Structure formats: structure tokens, C-alpha cells
Amino acid sequence: MTARNPQERRLDRRIPLGCPALLRPRVGQPVMAQCLELSVGGMTLVTAYVPGAGEVLEVEIMPPQGSRTPALKAKVQVKRCHQAGVGRYELGVAIVQVLA
């Protein structure tokens, strides 16, 4: 059995990615992001976009360079957002629906 960080509440295994992503808010233009990690239930994204609490977005995760895997498209809901540098924000999102 693996010891867990007592502060860690997420039970799903997370896979580090570092792939480019495209966020599509319901209002406004698409915004570039980077998907840092992916799990069965959600993902961590870094972007310049500041979402509203609980906002629902569409996200498209591009496959790694040279991969024949299609892009992952999903509807997600923002669960957390905090500043990750000047003009950069880390979003924790839950996957609501896989679109493709």
C-alpha cells in the first residue's frame, strides 16, 4: 500500500501530460492553455484565462507531438483557480462530459 499525503483528497491517479489545450468559454474567444495532468475525473490546466467559480467550459487537449491519438474534447467545470505566476492561472476542473 502506498502512503498518501493526508492533505490530498483526490483519489484518482493523475497522469502528467504537458500538452497544449484550447479552452472555449461560453462567451468570448477561445484561449490557449496547457494541460499539466489528466485523471479519470478531471484535469489541471494553466492559462491566462480567469474563469468564474463553477464555470463550465469546453476544452480540447491536443495529443503529444507525433502521436496519432485524436484530441480529447470534453465539457469541464471549474473547481478551483489560483494564480500561478504573472498573468497565469492554474485551474482544477472536473470532467462533466467527454465529447470526443
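Everything below is about the structure shown above.
Every value quoted in this text rests on a predicted model; they were computed, and no experiment measured them.

Asker: How should the pairing of strand β4 (residues 56–61) be read in this particular structure?
Answerer: A regular strand places its side chains on the two faces of the sheet in alternate fashion. Of the pairings in the sheet, the one linking strand β1 (residues 15–24) to β4 comprises four bridges and is antiparallel in character. By the bridge assignment, Arg24 is partnered in β4 with Glu58. Pairing of β4 with strand β5 (residues 72–83), which is carried by six bridges, proceeds in the antiparallel orientation. Its bridge partner lying in β5, Val59 is registered against Ala74.

Asker: Is there a simple way to think about the sheet that holds β1 in this case?
Answerer: Each strand in a sheet pairs with its neighbour through backbone hydrogen bonds, running either in the same direction (parallel) or in the opposite one (antiparallel). One closed barrel accounts for six strands, arranged β1-β2-β3-β6-β5-β4; its pairing is antiparallel. With direction set aside, neighbouring strand axes in the sheet form an average angle of 45°.

Asker: What am I meant to see in the nonpolar core here?
Answerer: The nonpolar side chains of soluble globular proteins are, as a tendency, buried together. Grouped together as the largest cluster of nonpolar side chains are 16 residues, with contacts concentrated most on Leu23, Met43, Leu45, Val59, Ile61, Val76 and Val93. Every element with two or more residues in this core is listed here: β1, β2 (31–38), β3 (42–47), β4, β5 and β6 (89–98). Filtering out sequence-adjacent residues up to four positions away, Val76 remains in contact with Met43, Glu55, Val56, Leu57, Val59, Val93, Ala94, Ile95 and Val96.

Asker: What's the story with the pattern of salt bridges in this structure? I'm lost.
Answerer: Working definition: two side chains of opposite charge can pair if their charged atoms are close together. Considering all chains together, one arrives at two salt bridges under this definition. In this structure, Arg24 engages Glu60 in a salt bridge whose closest nitrogen and oxygen atoms are separated by 3.2 Å. Separated by 36 residues along the polypeptide, Arg24 in strand β1 and Glu60 in strand β4 bring together distant segments of the chain. On the basis of relative accessible area, Arg24 is assigned to the partly exposed category, the value being 32%. The salt bridge involving Glu90 is made with Arg80; its shortest N-O contact spans 3.1 Å. In this pair, Glu90 sits in strand β6 while Arg80 sits in strand β5, placing the two residues ten residues apart along the sequence. With a relative accessible area of 30%, Arg80 lands in the partly exposed category.

Asker: Help me out: how do you make sense of the environment of Pro51 in this one?
Answerer: For Pro51, the position within the fold is in the loop between β3 and β4. Here the alpha-carbon distance between Pro51 and Tyr89, two residues 38 residues apart in the chain, equals 9.4 Å. Apart from the residues within four sequence positions on either side, Pro51 is in contact with Val78, Cys81 and Leu91.

Basis of the calculations
- Residues numbered from 1 in each chain as written.
- Predicted model: local features only at pLDDT ≥ 70, side-chain atom pairs only at ≥ 80, totals over all residues.
- Heavy atoms only, no water.
- Pairing = 2+ DSSP bridges.
- Helix = DSSP H or I, 4+ residues; strand = E, 2+ residues; numbered from the N terminus.
- Axes fitted to C-alpha atoms, helices over the stretch in contact; angles between N-to-C directions.
- Core = buried A, V, L, I, M, F, W, Y, C linked by side-chain atoms within 4.5 Å.
- Buried < 20%, exposed > 50% of the residue type's maximum accessible area, 1.4 Å probe, protein only.
- Contact = heavy atoms within 4.5 Å.
- Salt bridge = Lys/Arg side-chain N within 4 Å of Asp/Glu carboxyl O.

Fair warning: the whole summary comes from geometry, so function is off the table for now.
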